[in-house]
Amino acid sequence: MNKSILLLALLLTLVACRQTAAPNNPNVVIRVTPDHLTVGITALIVEVSDADGTAIPDARIEVRGDMNHAGMQPVFGDAQPGDQPGEYRVPFEWTMGGDWIVTITVILPDDTRTEQSFEFVVES
Ligand SMILES: [Cu+2]
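Attention here is on the structure that accompanies the text. (Residues numbered from 1 in each chain as written. Predicted model: local features only at pLDDT ≥ 70, side-chain atom pairs only at ≥ 80, totals over all residues. Heavy atoms only, no water.)

1. Focus: the coordination of the copper ion
For the copper ion, the full set of protein donor atoms is M67 (SD), H69 (NE2), M72 (SD) and M96 (SD), and the range of their distances to it is 2.1 to 2.5 Å. For the copper ion, the four donor atoms in the first shell make angles of 92 to 117° at the metal, a pattern classed as tetrahedral. Site description for the copper ion: donor spacing in sequence, M-x1-H-x2-M-x23-M. Residue H69 is classed as partly exposed on the basis of its relative accessible area of 33%. Taking the relative accessible area as the measure of exposure, M72 reaches 24% and is therefore partly exposed. (Donors = N, O, S within 2.8 Å, 3.2 Å for Na, K, Ca; no water. Tetrahedral: all angles 85-135°; square planar, octahedral: opposite > 155°, others 65-115°. Buried < 20%, exposed > 50% of the residue type's maximum accessible area, 1.4 Å probe, protein only.)

2. A word on the sheet that holds strand β5 (residues 80-81)
Read from one edge of the open sheet, four strands run β1-β2-β6-β5, paired in antiparallel fashion. Each edge of the sheet is formed by a strand with only one pairing partner; in this case those strands are β1 (27-31) and β5. Taken together, the two bridges between β5 and strand β6 (residues 87-94) define a ladder with antiparallel strand orientation. Following the sheet pairing, P81 is matched in β6 by Y88. (Pairing = 2+ DSSP bridges. Helix = DSSP H or I, 4+ residues; strand = E, 2+ residues; numbered from the N terminus.)

3. Quick look at unusual backbone geometry
Phi angles above zero are rare outside glycine, and D111 is one such case at about 70°. Relative to the helices and strands, D111 is located in the loop between β7 (98-107) and β8 (113-122). Judged by its relative accessible area of 54%, D111 falls in the exposed class.

4. A closer look at the packing of aromatic side chains
For the structure on display, the rule yields four aromatic pairs. Pairing F92 with W100 gives two aromatic rings, centres 6.3 Å apart and planes at 80°, and the pair type is edge-to-face. Under the relative-accessibility criterion, W100 is labelled buried at 1%. Taking 5.3 Å as the distance between ring centres and 65° as the angle between the ring planes, the aromatic pair formed by W94 and W100 counts as edge-to-face. Across this residue pair, the class does not change: W94 and W100 are buried. Every member of this aromatic cluster is reached through a ring pair, and the members are F92, W94, W100 and F120. (Phe/Tyr/Trp six-rings, centres within 6.5 Å; stacked < 30°, edge-to-face > 60°.)

5. Here we look at the pattern of salt bridges
Scanning the model with the defined rule gives five salt bridges in all. Among the salt bridges present, the one from E47 reaches R31, with a minimum N-O distance of 2.3 Å. Taken as a pair, E47 in strand β2 (residues 40-49) and R31 in strand β1 lie far apart in primary sequence, 16 residues in all. Among the salt bridges present, the one from R113 reaches E62, with a minimum N-O distance of 3.3 Å. Here R113 is found in strand β8, whereas its partner E62 is found in strand β3 (residues 60-67), with 51 residues between them in sequence. Classification of E62 as partly exposed rests on a relative accessible area of 36%. Sharing partners across several salt bridges, the network here consists of R31, E47 and E87. (Salt bridge = Lys/Arg side-chain N within 4 Å of Asp/Glu carboxyl O.)

Here's what the structure looks like:
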């Protein structure tokens with residue numbers, strides 16, 4: 001009985017690890033206030049932490065915005081240090097209203113790269 005519970009717990013742990021992909025992948029969160037979701041220049045706040053939730057202050061961040069239709073130039077943003085450790089501030093211009101996909105590439109000090117995409121709806 002005890003052994004089967006232990007086995008079940010082990011299996012659950014393995015499943016949980018799979019869902020978060022590789023354990024070294026950073027967590028990436030973008031904060032944008034609603035009034036920054038209109039056409040024009042805004043700032044994206046990107047928070048990067050490790051699997052344990054510890055802030056990663058020394059990553060390089062690349063930001064690329066694409067719209068969901070053809071024929072648009074992508075928009076790039078340069079990340080600057082934010083107010084908190086692990087927080088990055090990215091000046092960014094929504095050049096058109098509509099559906100956007102923002103791809104964040106996080107490059108850790110050991111050159112590990114991970115990419116995550118976020119969807120936004122921007123008002124004209
Ligand atoms: Cu467009």
